[in-house]
Every structure is written in structure tokens, then in C-alpha cells.
Amino acid sequence: MSGKYTVTSLLEMKQKGEKISQLTCYDYSTARLVDAAGINTVLVGDSLGMTMQGYENTLPVTLDEMICYGRSVVRGCQNAFVIMDMPFMSYQVSPAQALESAGRLIKETGANAVKLEGGAAVTEQIKAIVDAGIPVCAHIGMTPQSVNVFGGFKVQGKGEAKAEQLLKDALAVQEAGAFMVVLECVPPKLAALITRQVDMITIGIGAGVECDGQVLVYQDMLGMSGDFTPKFVRRFAEIGEAMQQAFADYDAQVKSGAFPQAAQTYSKSDCDDAFLAQLEEKYSKMRELSLK
Ligand code: KIV
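Residues numbered from 1 in each chain as written. Predicted model: local features only at pLDDT ≥ 70, side-chain atom pairs only at ≥ 80, totals over all residues. Heavy atoms only, no water.

Participant: Looking at this structure, how should I read the packing of helix α6 (residues 123–131) against helix α8 (residues 160–176)?
Facilitator: Helix-helix packing is described using two parameters, namely the angle between the two axes and the distance between the axes. Contact geometry for α6 and α8: axes closest at 8 Å, N-to-C directions at 25°. In terms of orientation, α6 lies roughly parallel with respect to α8. Helix-helix and strand crossings are classified by hand; for α6 and α8 the assignment is right-handed. Contacts between α6 and α8 involve T123, I126, K127 and V130 on the former and, on the latter, A172, V173 and A176. Grouping the constituent residues of the contact of α6 with α8 by class yields 5 nonpolar, 1 polar and 1 charged. (Axes fitted to C-alpha atoms, helices over the stretch in contact; angles between N-to-C directions. Helix = DSSP H or I, 4+ residues; strand = E, 2+ residues; numbered from the N terminus. Parallel < 35°, antiparallel > 145°, perpendicular 65-115°, else oblique. Left-handed = near helix turned anticlockwise from the far one by under 90°. Contact = heavy atoms within 4.5 Å. Nonpolar A, V, L, I, M, F, W, Y, C, P; charged D, E, K, R; others polar.)

Written out as C-alpha cells, the structure reads:
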């Protein structure tokens, strides 16, 4: 497809059984590459707190920071549908707070939709945002903003009661108006069941192949996140290693004088050599005098 992806075209993809790709993205240069690669939807995730800002979890990220990263991503995406994550405490307080935050995210970045974490507990927030004309992606299962409740990043929906609760959460966010839901760290058979039971798009991360689409954090799939790789990540390239090697080569060549060479140097000067020699002599003398 050429042209910008929309809620309608993405829902059509689900109906036709076409898989939907999603990657996180936080800056303009990467957004251009992701967009040119044909990725359908880009998520400006609050995972940027960890990948870009070096925090232990996503909780410290602010709305203003999200807006700053989001603007850069939107400028780099011609076709991809851009979804802005709502950071911790920018929507939990009330539907009014959620609407105000979602409004800022859309108005100040130019993105196409917002994402928030939670199931039945946040349906009033979802309704308020959708009623204002802003598409909403929900996020259930392992919701990183609740890391202190879960006691770590763990698989959710294990056991009969929890499995049914996750299905109820999916149905509740759909009923509230969500057009898409991220299923994070959900057992694959349960994710497949949810995908069959809902009309909205399911995007899996650690939720098996039967979701309507998949999302990964781009640093994880490029091997840029250090040694720890979650089980659900496939490393599609070792860009981290390649970058580190390039930085080390540059460092060595700067120090040895091997960089820059003639090819990286502007050779033509407006002044001739005789003038530069006179200039040097004049300033060397002035320097000598000032040192006396
Ligand atoms: O913040 C994020 O990047 C996310 C994805 C991992 C789904 O929520």
C-alpha cells in the first residue's frame, strides 16, 4: 500500500488476514528508516524511559518528554501510523485528565493515536478520549507501568481465572472504543483466543504468532540493548556490535592520524600559500612578543 495507514486501512488488514507490523521508535533518523522499510505502525513507547533515558523502568517518563520524542518521530514517518504512549500518571487520575493528556499528545506531536495501559479499570478514560475523536490502542497483560504490582516483568494470564479476566479486559476496552490492543507476555493460546473473539486489532509482544500483528522494541531486535534479551525477542541484526566497532575504529584513527585523509579534506583555499605563510609569520611574531 502507498499512502498513510489509517485506522480504517489497518482494520481492513485484520479483516483480510494480513499481518500488521509495529516497531517502537523515538527519533527522526530511526523513524525514516522504519517508515522506508514499510513498517505499518510505529509506537512511540514510554519504553524510551529505559532505551533512551537509561531508567530502570518506564515510571519516570513525563508527558512533555513523550511529546518531545513523538514530534521527531512523526516528522520521519510518511506512511506509518504513529501511536503515542501515555506515560504513567498522565491518565490514571480521571477521564478528564486522560482526555487532556491525549489531546496534548495528538495536538503537539501530530501523531495518529494514543496508547494506554490497563483493561476494565481504564474504560472510562478510553471512552472520553475516543469521544473526542482520538483513536485509542489499549495494552493488557504485562503492563510495564504496573511493574511494582507484578513484582517484575512476568508472563500474565496464567491460570483459569486470570485467563478469563484478560479476555474480559480485552472485551471491555473494545466496548469502550479501542481499535487496537497490545497483548504483552500473554500465553499464545490465550492471545489467539482473544484475537478470535475481538474485532479490534491485537498486537502481540511475547504473545505468540496468532495475534493480528507484532511489536518489538527496536533496540532489542537490533541487538542494541546489552546482554539481556527477553525470550520473545529475535535479534534481526547485531547493530549494537557494529556501532561499537565503528566507534572504536574512529577513535583509533583519530588518535593515529589516519583520519581525516585527502578524501575527507577540502583542498581548495581562497588564499594562496604565500599569503598563508606571511600570515603565520606575522602571528608567530605577535605571539612571541606577548609571551615575553
Ligand atoms: O512502551 C513500549 O514500548 C510498549 C511496547 C513494548 C508494547 O509498550
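Participant: Would you mind showing me how to read the layout of surface pockets here?
Facilitator: Once rolled over the atoms, a probe with the size of a water molecule shows which space is left empty. If you add up the space inside the largest pocket, you get close to 900 Å³. Every residue lining the largest pocket is counted, 38 residues in all, and those nearest its centre are E184, V217, D220, P230 and F232. Of all the secondary structure elements, the ones that give two or more residues to the lining of the largest pocket are α3 (48–51), β4 (113–117), β6 (180–184), β8 (213–216) and α10 (218–221). A per-class count over the lining of the largest pocket returns 20 nonpolar, 10 polar and 8 charged. In this structure, the second largest pocket occupies an estimated 430 Å³ of space. Lining the second largest pocket we find 19 residues, and of these G204, Q214, V215, L216 and F232 sit closest to its centre. Only β1 (20–24), β7 (201–205) and β8 provide two or more residues apiece to the lining of the second largest pocket. Of the residues belonging to the lining of the second largest pocket, the class tally is 12 nonpolar, 6 polar and 1 charged. (1 Å grid on protein atoms, 1.4 Å probe; cavity = no way out; pocket = protein on both sides within 12 Å on 5 of 7 lines; lining within 4 Å. Points joined across faces, edges and corners; volume = space filled by probe spheres on them.)

Participant: Explanation requested: the domain arrangement of the chain in the structure shown.
Facilitator: A common way to report how large an interface is uses the accessible area buried once the components associate. If you check the domain split of the chain, you get domain 1 (7–221) and domain 2 (244–291). The gap between the C-alpha centroids of domain 1 and domain 2 is 51 Å. (Domains from an automatic or database assignment.)

Participant: Any chance you could explain the side chain of S101 here in plain terms?
Facilitator: By the secondary structure assignment, S101 is in helix α5 (residues 95–109). Of note is the side chain of S101, whose polar atom sits 2.5 Å from the backbone oxygen of S90. With residues up to four places along the chain from it excluded, the contact list for S101 reads L63, M86 and S90. (Polar contact = N/O pair within 3.5 Å; in protein donor to acceptor, adjacent residues only side chain to side chain.)

Participant: Can you walk me through unusual backbone geometry in this structure?
Facilitator: As a rule of thumb, non-glycine residues mostly have phi less than zero, and peptide bonds are mostly trans rather than cis. P260 follows F259 through a cis peptide bond whose omega is 0°. Relative to the helices and strands, P260 is located in the loop between α11 (239–256) and α12 (273–291). Of note, M89 is a non-glycine position whose phi angle comes to about 70°, a positive value. Assessed through its relative accessible area of 42%, M89 is described here as partly exposed. (Buried < 20%, exposed > 50% of the residue type's maximum accessible area, 1.4 Å probe, protein only.)

Participant: Please explain the environment of L167 as it appears in this structure.
Facilitator: Looking at the secondary structure, you find L167 in helix α8. Residue classification places L167 among the buried positions, given a relative accessible area of 19%. For L167, the residues in contact, after removing those within four places along its chain, are L193, I194 and Q197.

Participant: So what exactly am I meant to see when it comes to the packing of aromatic side chains here?
Facilitator: Ring pairs (aromatic) are described by centroid distance and by the angle formed between their planes. As enumerated under the stated definition, the model contains 3 aromatic pairs in all. Ring geometry for Y26 versus Y218: centroids 5.9 Å apart, planes at 40°, classification tilted. Highlighted residues: Y26 in the loop between β1 and α2 (28–36) and Y218 in helix α10, separated in sequence by 192 residues. Accessibility expressed as a relative area gives 1% for Y26, which makes it buried. Classification of Y218 as buried rests on a relative accessible area of 8%. (Phe/Tyr/Trp six-rings, centres within 6.5 Å; stacked < 30°, edge-to-face > 60°.)

Participant: I would appreciate a short explanation of the packing of helix α4 (residues 63–76) against α5 in the present structure.
Facilitator: Running from N to C, α4 and α5 point in directions that differ by 35°, and their axes come no closer than 9 Å. Relative to α5, α4 is oriented so that their crossing is right-handed. Between α4 and α5, the residues in contact are L63, D64, M66, I67, G70, R71 and V74 and S101, R104, L105, E108 and T109, respectively. In terms of residue class, the contact of α4 with α5 is made up of 5 nonpolar, 3 polar and 4 charged.

Participant: When you look at the site of the ligand in this model, what are you seeing that I'm missing?
Facilitator: Taken together, T24, L43, G45, D46, S47, D85, K115, H139, V182 and I205 are the residues near the ligand. Contact distances for the ligand include 3.1 Å between an oxygen atom and a side-chain N or O atom of D85. K115 is positioned with one of its side-chain polar atoms (N or O) 3.0 Å from an oxygen atom of the ligand. Protein contact buries 96% of the 260 Å² of open area that the ligand shows by itself. Because more than half of its atoms lie within 2 Å of the grid, the ligand is assigned to the largest pocket. Tallied by class, residues from the shell around the ligand come to 3 nonpolar, 4 polar and 3 charged. (Near = heavy atom within 4 Å. Areas by Shrake-Rupley, 256 points an atom, 1.4 Å probe, with all protein chains shown as cover. Sits in = over half its atoms within 2 Å of the grid points.)

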